[in-house]
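A look at the structure
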Amino acid sequence: MAQQLLINVILAFVWMFLADSFSGSSFVIGYLLGFGIIFVLRRYFSTTFYAVPLFVIGKLALIFIKELLLANWAVLKIVLSPSLDMKPCIFALPLEVRRNWEITLLSSLITLTPGTFVIDVSDDKKEIYIHTIDAPDVDEVIRQIKTSFEKTILEVSR
C-alpha cells in the first residue's frame, strides 16, 4: 500500500515537471493521472490497490460518527428524562479481532462512544469487558458492536 502511494506521488511530481507547472492544481492533476495508471496496473503489485483500505478506513470513520451521534442522543434522552429508568450493566464481548492494535482500536471506539466504557481485556485476549449506562438487551448491544465496529476493523486489517 505504501509503495503504491509513493509511486503515485512520484508520478504526480513527474507530471508537474513535464507540464512545467509547479502549482497545486498541476500536482492534483498528476496525482489523479498517477492514480489511474496505478489502478490499471494494480494486478502487477503484490498488495491490494491502496485506495481500498483507505475507503474502508473512511467507512470506519463514518460508522464511528454515526454511532457517536446516536449514543449522544441516547445519553441526552437519559439525562433529560424525569425518571432514571436505566439498566446499566457490565458484559463480556467475545472478540474476533486478535492483534493488539485491533483490540486497542475497538476498545477506543467503544470508550469514545458516550454511555459505554471498556473496563478490561481478558488475559487470553478473547473477550473485552464493557460497562454500559443503559442496555435493556445485552445481546442487541453485542450484535451492534460486532456488526459495526468489529466488522469494519476486520475489513481494514485483512
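Residues numbered from 1 in each chain as written. Predicted model: local features only at pLDDT ≥ 70, side-chain atom pairs only at ≥ 80, totals over all residues. Heavy atoms only, no water.

1. Quick notes on the side chain of Q4
Its location among the elements puts Q4 in helix α1 (residues 2-19). Residue classification places Q4 among the buried positions, given a relative accessible area of 0%. A distance of 3.2 Å separates polar atoms of two side chains, one belonging to Q4 and the other to T47. A polar side-chain atom of Q4 sits 2.7 Å from the main-chain amide nitrogen of Y50. Discounting residues that sit within four places of it in the chain, Q4 has contacts with I38, F45, T47, T48, F49 and Y50. (Helix = DSSP H or I, 4+ residues; strand = E, 2+ residues; numbered from the N terminus. Buried < 20%, exposed > 50% of the residue type's maximum accessible area, 1.4 Å probe, protein only. Polar contact = N/O pair within 3.5 Å; in protein donor to acceptor, adjacent residues only side chain to side chain. Contact = heavy atoms within 4.5 Å.)

2. Thoughts on the UniProt feature "transmembrane region" (unreviewed entry) in the protein
In the numbering used here, UniProt assigns the feature "transmembrane region" (unreviewed entry) to residues 12-41 and 47-65. Counting secondary structure, residues 12-41 comes out at 83% helix and 0% strand; the distance between its end C-alpha atoms is 16 Å. Within the segment residues 47-65, helix and strand shares are 79% and 0% respectively, and the terminal C-alpha atoms sit 29 Å apart. (UniProt positions renumbered as here; feature names shortened; annotations may be inferred.)

3. Side note on the pairing of strand β2 (residues 116-121)
Here five bridges tie β2 to strand β3 (residues 127-132), and the two strands are oriented antiparallel to one another. Across the sheet, residue D120 finds its bridge partner in β3, namely Y129. Counting the residues between successive antiparallel strands, the hairpin from β2 to β3 contains five residues, one of them, K125, with a positive phi of roughly 60 degrees. (Pairing = 2+ DSSP bridges.)

4. Thoughts on the sheet that holds β3
Taken together, three strands build an open sheet; the order of strands is β1-β3-β2 and the sheet is antiparallel. A strand with exactly one partner marks an edge of an open sheet, and here the two such strands are β1 (89-94) and β2. For this sheet, the mean inter-axis angle between neighbouring strands, taken without regard to orientation, is 30 degrees. Bridging between β1 and β3 involves six bridges; their strand directions are antiparallel. Bridge assignment links I90 to a residue of β3, and that residue is H131. Running at roughly 150 degrees to β2, helix α4 (residues 100-112) makes contact with β1, β2 and β3 of the sheet. Running over the sheet, helix α5 (residues 138-157) touches β1 and β3 and is turned about 45 degrees from β1. (Axes fitted to C-alpha atoms, helices over the stretch in contact; angles between N-to-C directions.)

5. Section: the packing of helix α3 (residues 51-80) against α5
One can describe the packing of α3 onto α5 by two numbers: an axis separation of 9 Å at closest approach and a directional angle of 160 degrees. Between α3 and α5, the crossing angle belongs to the class labelled roughly antiparallel. Here α3 runs over α5; the crossing is left-handed. Of α5, the residues touching α3 (which contributes V56, I57, K59, L60, I63, F64 and E67) are Q144, S148, F149, T152, I153, E155 and V156. When the residues that make up the contact of α3 with α5 are grouped by side-chain class, the tally is eight nonpolar, three polar and three charged. (Parallel < 35°, antiparallel > 145°, perpendicular 65-115°, else oblique. Left-handed = near helix turned anticlockwise from the far one by under 90°. Nonpolar A, V, L, I, M, F, W, Y, C, P; charged D, E, K, R; others polar.)

6. Considerations on the packing of α1 against helix α2 (residues 24-40)
Relative to each other, α1 and α2 sit at 130 degrees, their axes nearing to 7 Å. Looking at the two axes, α1 sits oblique to α2. Handedness of the α1/α2 crossing: right-handed. Of the residues in α2, those in contact with Q4, L5, I7, N8, V9, L11, A12, F13, W15, M16 and A19 of α1 are S26, F27, I29, G30, Y31, L33, G34, F35, I37 and I38.

7. Observations concerning the pattern of salt bridges
Scanning the entire structure with this criterion turns up six salt bridges. Between E67 and K66 there is a salt bridge, with its nearest N and O atoms 3.7 Å apart. Among the ionic pairs, E150 bridges to K146, the shortest N-O distance being 2.5 Å. A residue pair is termed a helical-turn pair when its members lie 3 or 4 positions apart in one helix, as E150 and K146 do in helix α5 at four residues. Take E150 and K146: they sit in the same class, and that class is buried. (Salt bridge = Lys/Arg side-chain N within 4 Å of Asp/Glu carboxyl O.)

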